[in-house]
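Single-letter residue listing:
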Protein chains: 2
Amino acid sequence: MTQSAVERIRSFNRVVTLGVGALNDSYLGRGRPLGEARLLFEIGEDGAPAGALRTALGLDSGYFSRIVRSLARQGLVAVTPDPADRRRRRLALTAAGRAERAAYDALSDDLARAWLGGLDAGEQARLVAAMAEVETLMTAARVTIAPEPIDGAAARACLAAYFAELAARFEAGFDPDAGGAAEDAAMTPPDGCFLVARIDGRPVGCGALKPLDAQTAEIKRMWVAPEARGRGLARRLLAALEAEARARNRHRVRLDTNRALTTAQAMYRKAGYRPIARFNDNPYADFWFEKTL
Amino acid sequence: MTQSAVERIRSFNRVVTLGVGALNDSYLGRGRPLGEARLLFEIGEDGAPAGALRTALGLDSGYFSRIVRSLARQGLVAVTPDPADRRRRRLALTAAGRAERAAYDALSDDLARAWLGGLDAGEQARLVAAMAEVETLMTAARVTIAPEPIDGAAARACLAAYFAELAARFEAGFDPDAGGAAEDAAMTPPDGCFLVARIDGRPVGCGALKPLDAQTAEIKRMWVAPEARGRGLARRLLAALEAEARARNRHRVRLDTNRALTTAQAMYRKAGYRPIARFNDNPYADFWFEKTL
DNA sequence: GTCATTCGTTGACTTTAGTCAGGGAATTTT
DNA sequence: AAAATTCCCTGACTAAAGTCAACGAATGAC
């Protein structure tokens, strides 16, 4: 990483901070503290549990409680106890709340138009494209990849999404139980591991490593959430799994894949994997690959 | 302007706000209010008049006064009365103040590295390039270029900075009086003109046009403030000066430049200027360029 | 059934940010 | 020389943001 890159980011920050500051100032124009406006945005169309919103905004529980009460008094937010656990609350926007949020959106749009106003059509197009690029890469930079228990909440959510997708994409469908529960144990430390990729804490991908023999590990359960694709996340998961294999003194990794997953095959080839003969009896596998570490 | 462009800006704002928020939070890690940290940054290496800093930060004079006193009590800032007008104060960083600002810079660098950390070299290069593009275009949208009297406050400030820079960069130094005061008259309407570029009202660059003959105008005094460089401002100033030449029925513009100003030469070439033989007796000129409009 | 824990609320704070009116000293205008 | 203006400081205020501890209700663990 060069110093000039750091310089560039600093200077980018300075310029963009002005824009963000202008946005915040414009939000204050509606006579409501910024904290309340932020919460109004964070509550989605369908509402959300209070606790999730509180942690998302990073607020103290007492402070948060007061903000919610203020918005409720203004008739913008409806608070209902969660029927499953009556300690918990669900927040949802009322019709007035939705209207209010639309008004904030309009302010934001005005500001966006002001940004674009001084530019000709070509420059506008370049700005929009560059913003998309920054956004994609900055999102990619916020990804963390770490080992997690395969029976944890995040792992189970990823696996459920993965199996559902395989069932939809494989010609012959997919039965997750074909492998058997014994597989899970093999993907557990110390001999194996299960990695979860997260963006800002939200699980968006996974991959597993299980031992084959003293020299070889197998990569399984590679999956990336649809909304996080196209940003090199799979490549990074693969590299992380290879590092885990190396850490276990394996100098060879193998994997299999189905013919329906064409982009996965291309990714494996690009990462240095070479086709080999069938090495397992996975009924869903059409191709087998190997890479020497 | 399309709705999708506005959507893109909104989504860009969301992502980038996270980064800016992280930066601000990291600044708070040094146990000092953000307002004080901002002032610490705004005071340059050489200090600055209090009034200029106050308006730059957009603060109330009472509030500003308290921030300054707090920093002075911490031994970070030295306040001295302006000898020319003893109502005014000059603020300058002490050695401790410089050290403190360096510590903030380090935090900022850490954050930049964290942004880049998850990316490979190619992605880093793409991110830096896209950031540069966003910065250029967002700054460009805020720039105004307009003719101003050459003896106005903004013009004089730009010229003083320009001459000081030439004196520092030319091997032989630079004497602004060598050209003679007659030059100024030639850069005045209707035959010539003097353009000042401003960002949010702050002068950040200039350029002058003076008549050479019935077909030809000469471009002089091209300067962009160091903090505004690398964002295509010089190119826009040049284009604006060419438009002024065209408006005066000149179909040819000429200019000269010193060998020390290598980036200027590259910019002229890229803008369509071709080297020609010496056309004047400017003792500081090493290269001469011409462009047909 | 008891105990511990979790979720959210409330009261009592502090700090930061910002505003406004007044005033003293220096400077400029008349 | 007087009057007006400019620059900065001070005191008195307000709103927003955030922290902390105590507490009640609901739930889960044993």
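This structure is a prediction, so every number in the text was calculated from the model and none was measured.

**Student:** Help me out: how do you make sense of the interface of chain A and chain B in this one?
**Tutor:** How big an interface is tends to be expressed through the accessible area that disappears when the partners come together. Each partner contributes to the interface: chain A provides 46 residues, whereas chain B provides 46 residues. Interface of chain A and chain B: buried area, both sides summed, is about 4900 Å²; carbon and sulfur atoms make up 68% of it. Counting across the interface, chain A meets chain B through nine salt bridges. A salt bridge links Arg-10 of chain B to Asp-105 of chain A, with the nearest nitrogen and oxygen atoms 3.8 Å apart. On inspection of chain A and its partner chain B, the count reaches eleven residue pairs in polar contact (both at pLDDT 80 or more). If you list the elements that add at least two residues to the side of chain A that touches chain B, you get α1 (3-28), α5 (95-117), α6 (121-141) and α9 (233-247) of chain A. Taken together, the residues of the side of chain A that touches chain B break down into 24 nonpolar, eight polar and 14 charged.

**Student:** Sorry, what's going on with helix α7 (residues 153-169) of chain A here?
**Tutor:** It helps to recall that an α-helix has 3.6 residues per turn; residues three or four apart then point in one direction. Residue and element names in this part refer to chain A. Helix length check: α7 (17 residues) gives 24 Å between terminal C-alpha atoms against 24 Å at 1.5 Å per residue, within 8%. Of the positions making up α7, those classed as buried are Ala-154, Ala-155, Cys-158, Leu-159, Tyr-162, Phe-163, Glu-165 and Leu-166. The arc that holds the buried residues of α7, viewed along the axis, is 160 degrees, so those residues lie on one side. In α7, the exposed positions that point more than 90 degrees away from the buried face belong to Ala-153, Arg-156 and Ala-168. For α7, the secondary structure elements touched by its buried residues are β5 (193-199), β6 (202-211) and β7 (216-224).

**Student:** Help me understand the protein's contact with DNA strand D, please; the structure alone is not making it clear to me.
**Tutor:** Around DNA strand D, a shell composed of 20 residues is seen, among which Tyr-63 and Arg-86 of chain A together with Arg-66, Arg-69 and Arg-87 of chain B lie nearest. Sugar plus phosphate: this is where 63% of the atoms of DNA strand D within 4 Å of the protein reside. Arg-87 of chain B places a side-chain nitrogen or oxygen 2.8 Å from a base oxygen of DNA strand D. When contributions to the surface near DNA strand D are tallied by element, the ones reaching two or more residues are α2 (34-42) and α4 (61-73) of chain A together with α3 (50-57) and α4 (61-73) of chain B. Looking at which element gives the most residues to the surface near DNA strand D, the answer is α4 of chain B, with five residues.

**Student:** Would you explain the packing of aromatic side chains in this entry?
**Tutor:** Centre-to-centre distance and the angle between the planes together describe a pair of aromatic rings. What the rule picks out here adds up to 18 aromatic pairs over all chains. An aromatic cluster is defined as three or more aromatic residues linked by ring pairs; in this entry it consists of Tyr-162, Phe-163, Phe-170, Phe-174 and Tyr-284 of chain A. One cation-aromatic arrangement involves Arg-30 of chain B over Tyr-104 of chain B; the distance from NZ or CZ to the ring centre is 5.8 Å.

**Student:** Sorry if this is basic, but what is going on with the domain arrangement of chain A here?
**Tutor:** What the domain assignment reports for chain A is domain 1 (3-118) and domain 2 (143-292). The C-alpha centroid of domain 2 of chain A is placed 37 Å from the C-alpha centroid of domain 1 of chain A.

**Student:** Whenever I open this one, the protein's contact with DNA strand C confuses me. Can you help?
**Tutor:** Residues in contact with DNA strand C amount to 21 residues; listed here are only the nearest, Arg-66, Arg-69 and Arg-87 of chain A together with Tyr-63 and Arg-86 of chain B. Here, DNA strand C places atoms within 4 Å of the protein, and 64% of those atoms are sugar or phosphate. With respect to DNA strand C, the side chain of Arg-69 of chain A contributes an N or O atom lying 2.7 Å from a phosphate oxygen. Within the backbone of Arg-86 of chain B, a nitrogen or oxygen atom sits 2.8 Å from a phosphate oxygen of DNA strand C. Elements that contribute at least two residues to the surface near DNA strand C include exactly α3 (50-57) and α4 of chain A together with α2 (34-42) and α4 of chain B. Looking at the surface near DNA strand C element by element, the count peaks at five residues for α4 of chain A. Grouping the amino acids of the surface near DNA strand C by side-chain chemistry returns five nonpolar, five polar and eleven charged.

**Student:** Mind showing me how you'd approach the pattern of salt bridges here?
**Tutor:** Oppositely charged side chains may form a pair once their charged atoms are brought near each other. Here the structure, examined in full by the defined rule, presents 47 salt bridges over all chains. Salt-bridge contacts for Arg-88 of chain A lead to Asp-85 of chain A; the nearest nitrogen and oxygen are separated by 3.0 Å. By relative accessible area, Arg-88 of chain A is classed as partly exposed at 47%. Among the charged side chains, a network of salt bridges with common partners joins Glu-7 and Arg-10 of chain A together with Asp-105 and Asp-109 of chain B.

**Student:** Hey, could you run me through the sheet that holds strand β4 (residues 143-147) of chain A in this one?
**Tutor:** One key point about sheets: their strands pair by backbone hydrogen bonds, in either a parallel or an antiparallel sense. Residue and element names in this part refer to chain A. The strand order across the open sheet formed by seven strands is β4-β5-β6-β7-β8-β10-β9, and the pairing between neighbours is mixed. Each having just a single partner strand, β4 and β9 (274-276) make up the two edges of the open sheet. Within the sheet, the average angular offset between the axes of one strand and its neighbour, ignoring direction, is 30 degrees. The sheet contact formed by β6 and β7 spans six bridges and is antiparallel. Across the sheet, Lys-210 pairs through a bridge with Glu-218, a residue of β7. Running at roughly 80 degrees to β7, α7 makes contact with β5, β6 and β7 of the sheet. Those strands touched by helix α10 (residues 262-270) are β7, β8 (252-257), β9 and β10 (287-292), and its axis lies near 160 degrees from that of β8.

**Student:** How should I be thinking about the pairing of β6 of chain A in this particular structure?
**Tutor:** Each regular strand carries side chains that alternate between the two faces of the sheet. All names here are of chain A. Of all ten residues in β6, seven are buried; the element is thus mostly enclosed. As paired elements, β5 and β6 share seven bridges and run antiparallel to each other. By the bridge assignment, Leu-195 is partnered in β6 with Gly-207. Hairpin remark: β5 followed by β6, antiparallel, with two residues in the connecting loop; positive phi at Asp-200, about 50 degrees. Between β6 and the antiparallel strand that follows it, β7, lie four residues.

**Student:** What am I meant to see in the nonpolar core here?
**Tutor:** As a rule of thumb, soluble globular proteins bury nonpolar side chains together. By size, the foremost hydrophobic cluster in this structure holds 82 residues, and its most contacted members are Phe-12, Leu-39, Phe-64 and Val-134 of chain A together with Leu-39, Phe-64 and Val-134 of chain B. Setting aside residues up to four positions removed in sequence, Phe-64 of chain A forms contacts with Leu-39, Ala-50, Leu-53, Arg-54, Leu-57, Leu-59 and Leu-91 of chain A. Formed by 43 residues, the second largest nonpolar core is a distinct cluster that contains Leu-166, Val-253, Leu-255 and Tyr-268 of chain B.

**Student:** Looking at this structure, how should I read the packing of α2 of chain B against helix α5 (residues 95-117) of chain B?
**Tutor:** When two helices pack together, their arrangement is captured by the angle between the axes and the distance separating the axes. Residue and element names in this part refer to chain B. In the contact formed by α2 and α5, the axes pass within 10 Å of each other and the chain directions differ by 105 degrees. For the element pair α2 / α5, the angle class is roughly perpendicular. Of the residues in α5, those touching α2 at Ala-37, Leu-40 and Phe-41 are Glu-100, Arg-101, Tyr-104 and Asp-105. A per-class count over the contact of α2 with α5 returns four nonpolar, no polar and three charged.

What counts, and where the lines are drawn
- Residues numbered from 1 in each chain as written.
- Chains lettered and ligands numbered in written order.
- Predicted model: local features only at pLDDT ≥ 70, side-chain atom pairs only at ≥ 80, totals over all residues.
- Heavy atoms only, no water.
- Contact = heavy atoms within 4.5 Å.
- Buried area = accessible area lost by both parts, 1.4 Å probe.
- Salt bridge = Lys/Arg side-chain N within 4 Å of Asp/Glu carboxyl O.
- Polar contact = N/O pair within 3.5 Å; in protein donor to acceptor, adjacent residues only side chain to side chain.
- Helix = DSSP H or I, 4+ residues; strand = E, 2+ residues; numbered from the N terminus.
- Nonpolar A, V, L, I, M, F, W, Y, C, P; charged D, E, K, R; others polar.
- Expected span 1.5 Å × (residues − 1).
- Buried < 20%, exposed > 50% of the residue type's maximum accessible area, 1.4 Å probe, protein only.
- Arc of directions from axis to C-beta.
- Near = heavy atom within 4 Å.
- Phe/Tyr/Trp six-rings, centres within 6.5 Å; stacked < 30°, edge-to-face > 60°.
- Lys NZ or Arg CZ within 6 Å of the ring centre and 35° of its normal.
- Domains from an automatic or database assignment.
- Pairing = 2+ DSSP bridges.
- Axes fitted to C-alpha atoms, helices over the stretch in contact; angles between N-to-C directions.
- Core = buried A, V, L, I, M, F, W, Y, C linked by side-chain atoms within 4.5 Å.
- Parallel < 35°, antiparallel > 145°, perpendicular 65-115°, else oblique.

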